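Take a look at the letters that make up each chain.
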Amino acid sequence: MNVSEQEQDIVIVGGGICGLATALALRRKGIKSMVLERSETLRAAGVGIIMQPNGWRALDQLGVAAKLRQTCTEIPSGVFISVAEGKYRESELPLGKGELRCLKRMELMKALTEELPVESVYLGCRAVSIVLDPLTSNPLLQLHDGTLIKAKIVIGCDGVNSIISKFVGVNSPKLFSRCATRGFTYYEGAHSFGDKFRFYSSNDVTLGQLPVTDKLVYWFLTRVLTSQDLSDAKKDPTYITKASLEAIKGFPEEIVELVKNTEPKALYLTELRYRAPWDLVHAKFRKGTVVVAGDAMHAMCPFISQGGGASLEDAVVLARCLSEKLKQAKEGGGNRLVEEALDEYVRERRMRVFWLSLQTYFMGLAQDNTSKIWEQNSRNLPSFLLVSPLFTGEVYIWTVG
């Protein structure tokens, strides 16, 4: 920041997918905002993002879906492959209804950013604290360089370790018992995997593989978390590749080659953190005119591939709720109407993200043979929970308008 003090109407903390989408959703309603991103450049944590029908509906609302569809292949069907003692058994993998594609995260970030005014996104701006002004009740946001921002509304899209979440009173995320490795593998000629989503399972290791284009394949692997995965080794491509290859011993040779041929810069290993589903039922997501969205609100493990889609939903719903009340606020009522808008947003999102979080939580338990909860309850779960990372039926039918 170039000045020691600023006044802003709406400040969005976090310039990831959720923060940028929220800024764009507001812009589509004619509302200006300022996005603060702590990094010096816009960056995407991870490589690919699986986008399901609800996510595409939100992207349509944001006006970027048509552009993004040109960058990736539609995936019409899936195959589940059970791996046991060198033998492979295939069955249909139900994907549910509607559009499924895998996007490059940076393509999504780029599409969102290109629709925003250059002056609305500030890089290298790390929020370190937030309080409410005792006189106006408006939020005061302190940045790492001493800049003080007086805002009317603050939206926390600052991820799993959100300072805004702590301020409004959301419980800290928990560490799950599994970790995830993700990568892109590029093929000079067209790859031979076609347009199917392939999901491999062997004991407590799962690997999913999806085409992005006819030359690019996205893959993800989940396995039991180890102490080494929590050390600096998780940033070492050599360790990540070695640990991944060890986990998929006995998998088909083309999958082993897929992992071996992943470029180091397109390889990520992360521990999985989540907000417990039951905590979301009564959590306070708003304090004054401060609210949270995305992972700051509902960090969830990736077992049903809904973290990104749910964050896009948040953005669209929040912009709609604010837009309706801010029009009324021009005639008076200020903070009271803003708080009503934020409460409406929270009411609309609470049970939606609870059910998504609960589903992905049980999916994780289904993959984790070490879980005592899983051992006690697995016999009572529907069979499709044991094989599909995407729920079937009408679970994801959702309207953003």
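Going along each chain's sequence as written, the residues are numbered from 1 onward. For a predicted model such as this one, the threshold for reporting local features is a pLDDT of at least 70, and the threshold for listing and counting side-chain atom pairs is 80 or more; totals across whole chains, interfaces and linings nevertheless cover every residue. Side-chain metrics rest on all non-hydrogen atoms present in the structure, leaving aside hydrogens and water.

## Focus on the overall build of the protein chain
Inference 1: Helix and strand definitions here come from DSSP, where helices need a minimum of 4 consecutive H or I residues and strands a minimum of 2 consecutive E residues; each element is numbered from the N-terminal end. Assigned secondary structure in the protein chain consists of 13 helices and 17 strands.
Inference 2: Three labels apply to residues, based on accessible area from a 1.4 Å probe with only protein chains included: buried if under 20% of the type maximum, exposed if over 50%, partly exposed otherwise in between. Residues classed as buried in the protein chain amount to 55% of the 401 residues present.
Inference 3: A separation threshold of at least 6 residues defines the contact pool for the protein chain, and within that pool the share at least 24 residues apart is 75%.
Inference 4: With residues, only the protein chains shown are counted as cover, and all accessible areas are computed by Shrake-Rupley using a 1.4 Å probe. Split by element, the accessible area of the protein chain, about 17800 Å² in all, is 49% carbon and sulfur. Contacts are assigned to residue pairs with any non-hydrogen atoms lying within 4.5 Å of each other.

## Points about the pairing of strand β5 (residues 87–92)
Inference 1: The element β5 is largely exposed, with a buried count of 0 among its 6 residues.
Inference 2: In this scheme, strands are said to pair when DSSP sees at least two bridges between them. In terms of strand pairing, strand β4 (residues 77–84) meets β5 through 6 bridges, oriented antiparallel. What sits directly across from Val-79, in β5, is Glu-92.
Inference 3: Counting the residues between successive antiparallel strands, the hairpin from β4 to β5 contains 2 residues, one of them, Glu-85, with a positive phi of roughly 55°.

## Quick word on the packing of aromatic side chains
Inference 1: Stacked, tilted and edge-to-face are the three classes applied to pairs of Phe, Tyr and Trp rings, where Trp contributes its six-membered ring and a pair requires centres within 6.5 Å; stacked means planes under 30 degrees apart, edge-to-face means over 60, and tilted covers the rest. All told, the structure shown has 15 aromatic pairs when counted by the stated rule.
Inference 2: Relative to Tyr-361, the ring of Phe-176 lies with its centre 6.3 Å away and its plane at 75°, an arrangement referred to as edge-to-face. Of the two residues, Phe-176 sits in strand β11 (residues 174–186) while Tyr-361 sits in helix α11 (residues 334–367), which places them 185 residues apart along the sequence. Neither residue differs from the other here; Phe-176 and Tyr-361 are each classed as buried.
Inference 3: Seen in terms of ring centroids, Phe-199 and Phe-220 are 6.5 Å apart; in terms of plane orientation they differ by 45°. Their pairing is tilted. With Phe-199 in strand β12 (residues 196–202) and Phe-220 in strand β14 (residues 216–224), the pair connects residues that are 21 residues apart, well separated along the chain.

## Regarding the environment of Ile-304
Inference 1: With respect to the helices and strands, Ile-304 occurs in the loop between α9 (295–298) and α10 (307–329).
Inference 2: Residues Ile-304 and Ser-357 lie 53 residues apart in sequence; the distance between their C-alpha atoms is 9.2 Å.

## Considering the side chain of Thr-185
Inference 1: For Thr-185, the location among the structural elements is in strand β11.
Inference 2: Separated by 2.8 Å, the side chain of Thr-185 and the backbone oxygen of Leu-258 make a polar contact. The term polar contact refers here to a pair of N or O atoms within 3.5 Å; inside protein, the definition further demands a hydrogen-donor-capable atom paired with an acceptor-capable atom, and it admits residues adjacent in sequence only when both atoms are side-chain atoms.

## With respect to the confidence of the model for the protein chain
Inference 1: A residue's pLDDT is the predictor's confidence in that residue, given on a scale from 0 to 100. For the protein chain, the mean per-residue pLDDT works out to 89, and 89% of the residues sit at or above 70.
Inference 2: Ignoring residues within four places in sequence, the model shows residues 371–401, a span with pLDDT below 50, making 70 contacts including any to other chains.

## What about helix α6 (residues 237–247)?
Helical periodicity: at 3.6 residues per turn, an α-helix aligns residues three or four positions apart in one direction.
Inference 1: Regarding α6, the residues found buried are Tyr-239, Ile-240, Thr-241, Ala-243, Ser-244 and Ala-247.
Inference 2: Where α6 starts, the residue carrying a side-chain oxygen 3.0 Å from the main-chain nitrogen of Thr-238 turns out to be Asp-236.

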